[in-house]
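Results of the structural survey
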Amino acid sequence: MSLAVTGAGARASHLPSSLAAASPRPRLLAVSPCLRRPHGHLASPPAADCRRRLRVRMARTESSGVAVGFRAPEFELPEPLTGNLWTLDDFEGNPTLLVMFICNHCPFVKHLKKDIAKLTSFYMEKGLGAVAISSNSVRTHPQDGPEQMAEEAKLFKYPFPYLYDESQEVAKAFGAVCTPEFYLFKKDGRRPFELFYHGQFDDSRPSNNLPVTGRDLSRAIDCALSGQELPFVQKPSVGCNIKWYP
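All values reported here derive from a predicted model rather than from experimental measurement. (Residues numbered from 1 in each chain as written. Predicted model: local features only at pLDDT ≥ 70, side-chain atom pairs only at ≥ 80, totals over all residues. Heavy atoms only, no water.)

Points about the sheet that holds strand E9 (residues 181-186)
- A sheet is described by the order of its strands in space; here five strands give the open sequence E7-E6-E5-E9-E10, paired in mixed fashion. Unpaired on one side and paired on the other, strand E7 (162-164) and strand E10 (194-197) mark the two borders of the sheet. Within this sheet the neighbouring strands show an average axis-to-axis angle of 35 degrees, counted without direction.
- For strand E6 (residues 128-134) and E7, the ladder comprises three bridges, and the chain directions are parallel. Considered in E7, the bridge of Ala-132 is made with Tyr-162.
- Relative to the sheet, helix H4 (residues 113-124) contacts strand E5 (96-101), E6 and E9, its axis offset from that of E6 by approximately 150 degrees.
- Set on the sheet, helix H5 (residues 146-155) makes contact with E6 and E7; between it and E7 the angle comes to about 175 degrees. (Pairing = 2+ DSSP bridges. Helix = DSSP H or I, 4+ residues; strand = E, 2+ residues; numbered from the N terminus. Axes fitted to C-alpha atoms, helices over the stretch in contact; angles between N-to-C directions. Contact = heavy atoms within 4.5 Å.)

Here is the structure:
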């Protein structure tokens, strides 16, 4: 069963005042599961066990490779929170559509979660359609599984559907490579959605001490809704690489 989304159905919210307002080589950060104490255990695992465990590497990755004018791919994905299926056609009544690739565990996503919810809620009242998709492998990152996604959507009161791309085919169709990654589409009348903006939320990162403002994405949405061209150069989004199945 599919549900239609329109701006009128979004939760009411007030946008913070801050919202009114050459690529480096990927850096690999080794993350050992032994650095964190397992849930429900009082003691950390022995050091010998730690050395034998697989070390999962997170690559700091930039969005790239998708040109403005790219047509939004068709999709049909489940929403773990409700069990509903969502398709691209469910957003036919919206003049603009924001597709976000996110996940639960990525520190770059965690850094923005509350502000993503605020920004999208504000613009959904103005006609923006919005959807988030998680495509990560649950073999290496079970915390990104559908049950945990449902809890996350409820905890952060996401005003948009948070969908599970188990096969990872939708991420591949969009050309997504990192989380978070933002695709803003717009359309004229009955024409298909075409990519208008594929860039960052703002300049803030988990470690650079800059405030989260949502400036870049909010300016892009304002332009898309008002029919104006972007007055600034798009900067790529930066985040964790999508965790692909082998």
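Comments concerning the nonpolar core
- If you look at the biggest cluster of nonpolar residues, it comprises 36 residues, and the most contacted ones within it are Leu-98, Met-100, Phe-182, Leu-184, Phe-201 and Leu-217.
- Excluding residues that lie within four positions of it along the chain, Phe-182 makes contacts with Leu-98, Val-99, Met-100, Leu-112, Ile-116, Tyr-197, His-198, Gly-199, Gln-200, Phe-201, Leu-217 and Ser-237.
- Listed in part, the 22 residues of the second largest apolar core include Val-66, Phe-75, Trp-86 and Tyr-183. (Core = buried A, V, L, I, M, F, W, Y, C linked by side-chain atoms within 4.5 Å. Buried < 20%, exposed > 50% of the residue type's maximum accessible area, 1.4 Å probe, protein only.)

Side note on empty space enclosed by the protein
- There is about 70 Å³ of room inside the largest cavity.
- Around the largest cavity sit Phe-108, His-111, Leu-112, Pro-180, Phe-182, Gln-200, Phe-201, Asp-202, Ser-204, Arg-205, Ser-237 and Val-238, which together line it.
- For the lining of the largest cavity, the class distribution of residues is six nonpolar, four polar and two charged. (1 Å grid on protein atoms, 1.4 Å probe; cavity = no way out; pocket = protein on both sides within 12 Å on 5 of 7 lines; lining within 4 Å. Points joined across faces, edges and corners; volume = space filled by probe spheres on them. Nonpolar A, V, L, I, M, F, W, Y, C, P; charged D, E, K, R; others polar.)

Looking at H5
- All buried positions along H5 are accounted for by Met-149, Ala-150, Glu-152 and Ala-153. Seen end-on, H5 carries its buried residues on one side only, within an arc spanning 160 degrees. Exposed side chains of H5 directed beyond 90 degrees from the buried face belong to Glu-147, Glu-151, Lys-154 and Leu-155.
- Residues of H5 that are buried in the fold lie against H4, E6 and E7. (Arc of directions from axis to C-beta.)

What to know about the packing of aromatic side chains
- Within this structure, the stated rule accounts for 13 aromatic pairs.
- Seen in terms of ring centroids, Phe-174 and Tyr-183 are 5.5 Å apart; in terms of plane orientation they differ by 70 degrees. Their pairing is edge-to-face.
- Aromatic pair Phe-174 and Phe-185: ring centres 6.1 Å apart, planes at 75 degrees, arrangement edge-to-face. With Phe-174 in helix H6 (residues 169-174) and Phe-185 in strand E9, this pair connects stretches of sequence that are eleven residues apart. The residues Phe-174 and Phe-185 share a single accessibility class, namely buried.
- Three or more aromatic residues link up through ring pairs in this structure, and these residues are Phe-70, Phe-101, Phe-174, Tyr-183 and Phe-185. (Phe/Tyr/Trp six-rings, centres within 6.5 Å; stacked < 30°, edge-to-face > 60°.)

Looking at unusual backbone geometry
- With an omega dihedral of 0 degrees, the bond running from Thr-179 to Pro-180 counts as a cis peptide bond.
- Relative to the helices and strands, Pro-180 resides in the loop between strand E8 (178-179) and E9.
- Unlike most non-glycine residues, Gln-168 shows phi in positive territory, near 70 degrees.
- In this structure, Gln-168 sits in the loop between E7 and H6.
- Phi is positive for Asn-209, which is not a glycine, with a value near 65 degrees.
- Among the secondary structure elements, Asn-209 is positioned in the loop between E10 and helix H7 (215-226).

Overview of the pairing of E9
- Counted residue by residue, E9 has five buried out of six residues, so it is predominantly covered.
- By the bridge criterion, six bridges tie E5 to E9 in an arrangement that is antiparallel. In the strand pairing of E9, Leu-97 is matched with Phe-185.
- Two strands pair when backbone bridges link them, and E9 and E10 are joined in this way by three bridges, in the antiparallel orientation. Paired with Lys-186 across the two strands is Glu-194, which belongs to E10.

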